[in-house]
Amino acid sequence: MTFSQLVDSVNSRGPFQFLILVLLGLPILGMANHNLLQIFTAATPAHHCRPPPNASAGPWLLPLGPNGKPQPCLRFVSPPNASLPNGTRGATEPCLDGWAYNSSTGDSIVTEWDLVCDSNKLKEMAQSVFMAGTLVGGIVLGGLSDRFGRKPILSGSYLLLAASGSGAAFSRSFAIYMVLRFLCGFSIAGVTLSTVILTVEWMSTQLRAIMTVGIGYFYTTGQFILPGLAYAIPQWRWLQLTVSVPFFAFFLLSWWVPESIRWMVLSGKSLKALKILRWVAAFNGRKEEGEKLSVEELKLNLQKEISLAKANYSVADLFRTPVLRRVTFCLSLAWFSTGFAYYSLAMGVEDFGVNLYLLQVIFGGVDIPAKFITILSMSYLGRHTTEVIALLLAGASILALIFVPSDLQALRTVLAVFGKGCLSSSFSCLFLYTSELYPTVIRQTGMGMSNVLARIGSMTAPLVRITGELHPFVPNLIFGASALLGGGASLFLPETLNQPLPETIEDMETWSPSAKESKPEPEAGKDSQRIPLQPCGPDLRPS
């Protein structure tokens, strides 16, 4: 009996499965809110310069831009002569006395700290700082999770997210706000990491695919909730507080989430692991099966994992052989370009001139068919074909935005939604594809590196958006070309559909053409190990 079968004997199709689904899934609703929160809390309303304090009581004319609308960053130095043409009414100057904002749709950090004109780069920097927090958190908390367990990191991340998110709502300066948003991103990395591991290790083999997809749909549902909350709560401080306070409750509920059995046995806590397994068996109405378990049986079924845990592998092992080097390089480009292009569209909702709340609902809704189509495509066309098509179509749709005039808002919106759906498919495929490509001994290392690259992409995306000041088409050119590059790199990855799951680095060499030619055919009747269609964890994205 394998260790997975041992856990299934007390935890297969019982109520505990759905308890775990709810306990781990509910916080994911709020995690989606935090990842995309700045779409609404950093919205830039229409604005123009305030007139000087000594201005006359009459209307102060503003210089007009090429589109016939008032310049948002300039004003006349002195009261202009209205009888003269706009270009000859007098000298202009920056907005020395601040700005007047259209507050009909609420406030934001932009109106709070005047993040417009020369300071508009700080708005994008705030999102990059948040993404930097997820990057650092993924690196730091990954090691702490292996040392102290999944549950303490999960509970601590809930508490830190609740505290830092609530604190951000009371920030008195932009610098303090960015520090607290960094901590929000840091804690979200801990939530993601622990949720992925606990979901995979506690779900039964038969229900793992369904349950992991279910966890992913919690995130999708969260994207529907956010625009509704933002519409009902137009004040950014109250909105920030509303999406953060529930994590205090999630922190308390997390004490019902059991620790990873594998981690406890590998950490020498077999007696505690046995106690939890027996509690789960009783909860599922299988008390007799639980009583049959013993510490010796747990250790016996984890002998392989224990031996692998004693071996020392590092990031350098991802480049040890030619096949591994090619896989690592191509996957790195695919992960980076997916995170890079995904957040260029996800965080650029207000650029399309459509109702912000409605468009965010559409952006969230496209994930539902995208994930479903991805599952079918991976099952019948394969992982390789699915990943290549998803990234190439995403890159083409982003590049097409360059050639669509800004007044054709409907067409631009369709292209953006289609591109976002393709990138969502790419994320869903990559989670499974990466876990199948890397052998068991370095799988966690490979997944960790891929996760870091996706977060680097999501962190740099807001900064690249600033290049739009050079010319509006520059950001889309960079984002689209990146997606095409990732799709092109994916062409050189091997197919894993119905392939044996590699256990060692030497197994990877069987994918090389020369090895396949010299490899003898397997004897009839001997089945290879196959990996089922199931992601290594729920699709939670590098937030």
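Residues numbered from 1 in each chain as written. Predicted model: local features only at pLDDT ≥ 70, side-chain atom pairs only at ≥ 80, totals over all residues. Heavy atoms only, no water.

Some points on the overall build of the protein chain
- Secondary structure summary: the protein chain contains 24 helices and four strands in total.
- Looking at the protein chain as a whole, 53% of its 543 residues qualify as buried.
- Residue pairs at least 24 apart in sequence account for 80% of intrachain contacts in the protein chain once pairs closer than 6 positions are excluded.
- Accessible area for the protein chain stands at about 23,700 Å²; split by element, carbon and sulfur atoms hold 65% of it. (Helix = DSSP H or I, 4+ residues; strand = E, 2+ residues; numbered from the N terminus. Buried < 20%, exposed > 50% of the residue type's maximum accessible area, 1.4 Å probe, protein only. Contact = heavy atoms within 4.5 Å. Areas by Shrake-Rupley, 256 points an atom, 1.4 Å probe, with all protein chains shown as cover.)

Regarding the nonpolar core
- In terms of nonpolar packing, the biggest core is built from 104 residues, with Phe40, Trp202, Ile261, Val327, Leu331, Tyr343 and Leu423 touching the most fellow members.
- Counting 17 residues, the second largest nonpolar core, distinct from the first, contains Trp113, Ala168, Met178 and Trp236. (Core = buried A, V, L, I, M, F, W, Y, C linked by side-chain atoms within 4.5 Å.)

Re helix H17 (residues 356-365)
- In terms of residue burial, H17 counts as a mostly covered element, since seven of its 10 residues are buried.
- Listed as buried for H17 are Leu356, Tyr357, Leu359, Gln360, Phe363, Gly364 and Gly365.

Some remarks on the side chain of Thr328
- Note that Thr328 resides in helix H16 (residues 322-346).
- Of the residues examined, Thr328 reaches a relative accessible area of 1% and is grouped as buried.

Looking at a nonpolar patch on the surface
- Taken together, Phe372, Ile373, Leu376, Tyr380, Leu381, Ile389, Leu393 and Phe418 make up a surface patch of nonpolar side chains, about 850 Å² in accessible area.
- Elements represented by at least two residues in the nonpolar patch include exactly helix H18 (367-380) and helix H19 (383-400).
- It is H18 that contributes the most residues to the nonpolar patch, four residues altogether.
- Turning to its location among the elements, Ile373 is positioned in helix H18.
- For Ile373, a relative accessible area of 54% translates into the label exposed. (Patch = residues over 30% accessible without salt bridge, like charges linked within 9 Å, V, L, I, M, F, W, Y side chains within 5 Å. Salt bridge = Lys/Arg side-chain N within 4 Å of Asp/Glu carboxyl O.)

Here's the deal with unusual backbone geometry
- Despite not being glycine, Asp114 has its phi angle at roughly 50 degrees, a positive value.
- Take Asp114: it is sitting in the loop between helix H4 (109-113) and helix H5 (121-148).
- Its relative accessible area of 26% is what places Asp114 among the partly exposed residues.
- Notably, Cys117 is not glycine yet its phi reads approximately 55 degrees, a positive angle.
- Note that Cys117 resides in the loop between H4 and H5.

Describing empty space enclosed by the protein
- Taken as a whole, this structure holds four cavities of 30 Å³ or more when the rule is applied.
- For the second largest cavity, the calculated volume is near 50 Å³.
- Taken together, Val22, Leu23, Leu26, Pro27, Tyr158, Phe250, Leu253, Ser254 and Val257 make up the lining of the second largest cavity.
- Looking at the lining of the second largest cavity, the elements that each hand over two or more residues are helix H2 (15-35) and helix H10 (246-253).
- A total of four residues in the lining of the second largest cavity trace back to one element, the largest contributor, which is H2.
- Tallied by class, residues from the lining of the second largest cavity come to eight nonpolar, one polar and no charged. (1 Å grid on protein atoms, 1.4 Å probe; cavity = no way out; pocket = protein on both sides within 12 Å on 5 of 7 lines; lining within 4 Å. Points joined across faces, edges and corners; volume = space filled by probe spheres on them. Nonpolar A, V, L, I, M, F, W, Y, C, P; charged D, E, K, R; others polar.)

Details of the packing of aromatic side chains
- The full count for this structure, using the stated rule, is 16 aromatic pairs.
- Here Trp113 and Tyr177 contribute two aromatic rings whose centre-to-centre distance is 5.8 Å and whose plane-to-plane angle is 45 degrees, an arrangement assigned as tilted. Placement of the pair is Trp113 in helix H4 and Tyr177 in helix H7 (residues 174-202), with a sequence separation of 64 residues.
- Ring plane angle 80 degrees and centroid distance 5.4 Å describe the contact between Tyr342 and Phe427, whose orientation is recorded as edge-to-face. (Phe/Tyr/Trp six-rings, centres within 6.5 Å; stacked < 30°, edge-to-face > 60°.)

Some thoughts on the environment of Gly149
- Within the element layout of this structure, Gly149 appears in the loop between H5 and helix H6 (150-168).
- A C-alpha to C-alpha distance of 7.8 Å links Gly149 and Met264, two positions 115 residues apart in sequence.

With respect to the packing of helix H9 (residues 236-244) against H10
- Here H9 crosses H10 at 10 degrees, and the two axes come no closer than 5 Å. In terms of axis orientation, H9 runs roughly parallel to H10. Only Pro246, Phe247 and Phe248 of H10 make contact with H9, whose side of the interface consists of Thr242, Val243 and Ser244.
- Partitioned by chemical class, the residues of the contact of H9 with H10 number four nonpolar, two polar and no charged. (Axes fitted to C-alpha atoms, helices over the stretch in contact; angles between N-to-C directions. Parallel < 35°, antiparallel > 145°, perpendicular 65-115°, else oblique.)

Topic: helix H12 (residues 270-283)
- Its 14 residues place the ends of H12 20 Å apart at the C-alpha level, agreeing with the 20 Å of an ideal helix rising 1.5 Å per residue.
- Along H12, the residues classified as buried are Ser270, Ala273, Leu274, Ile276, Leu277, Val280 and Ala281. What you see down the axis of H12 is that its buried residues fit within an arc of 165 degrees, all on one side. What points out from H12, more than 90 degrees from its buried face, is the exposed set Leu271, Lys272 and Lys275.
- Two residues or fewer past H12, Gly285 is found with a positive phi of approximately 75 degrees. (Expected span 1.5 Å × (residues − 1). Arc of directions from axis to C-beta.)

What to know about the packing of H5 against H6
- Packing of H5 against H6 leaves a shortest axis separation of 7 Å and a crossing angle of 130 degrees. With respect to H6, the element H5 is oriented oblique. For the pair formed by H5 and H6, the contact residues are Leu141, Leu144, Ser145, Asp146 and Phe148 on the first element and Arg150, Pro152, Ile153 and Ser157 on the second.
- Along the lines of polarity and charge, the residues of the contact of H5 with H6 split into five nonpolar, two polar and two charged.

Some words on the confidence of the model for the protein chain
- When pLDDT is averaged along the protein chain, the result is 79; 81% of the residues meet or exceed 70.
- Under a pLDDT of 50 for its full length, residues 513-538 has, in the predicted model, 44 contacts with residues more than four places off or in other chains. (pLDDT = per-residue confidence, 0-100.)

Things to note about the state of the cysteines
- Counting across every chain of the model gives two disulfides.
- One disulfide bridge connects Cys49 with Cys95, the sulfur atoms lying 1.7 Å from each other. An S-S torsion of about -50 degrees defines the bridge between Cys49 and Cys95 as left-handed. Remark: Cys95 occurs in the loop between strand E3 (92-94) and strand E4 (99-101) and Cys49 occurs in strand E1 (residues 47-49); sequence separation between them is 46 residues. No difference in accessibility class separates Cys49 from Cys95, as the two residues are buried.
- The disulfide partner of Cys73 is Cys117, and the S-S distance across this bridge is 2.0 Å. Looking along the S-S bond of the Cys73-Cys117 disulfide, the torsion reads about -100 degrees, which is the left-handed sense. Of the two residues, Cys73 is situated in the loop between E1 and strand E2 (74-76) and Cys117 in the loop between H4 and H5; the sequence distance between them amounts to 44 residues.
- The buried category is assigned to Cys117, whose relative accessible area is 16%. (Disulfide = S-S within 2.5 Å.)

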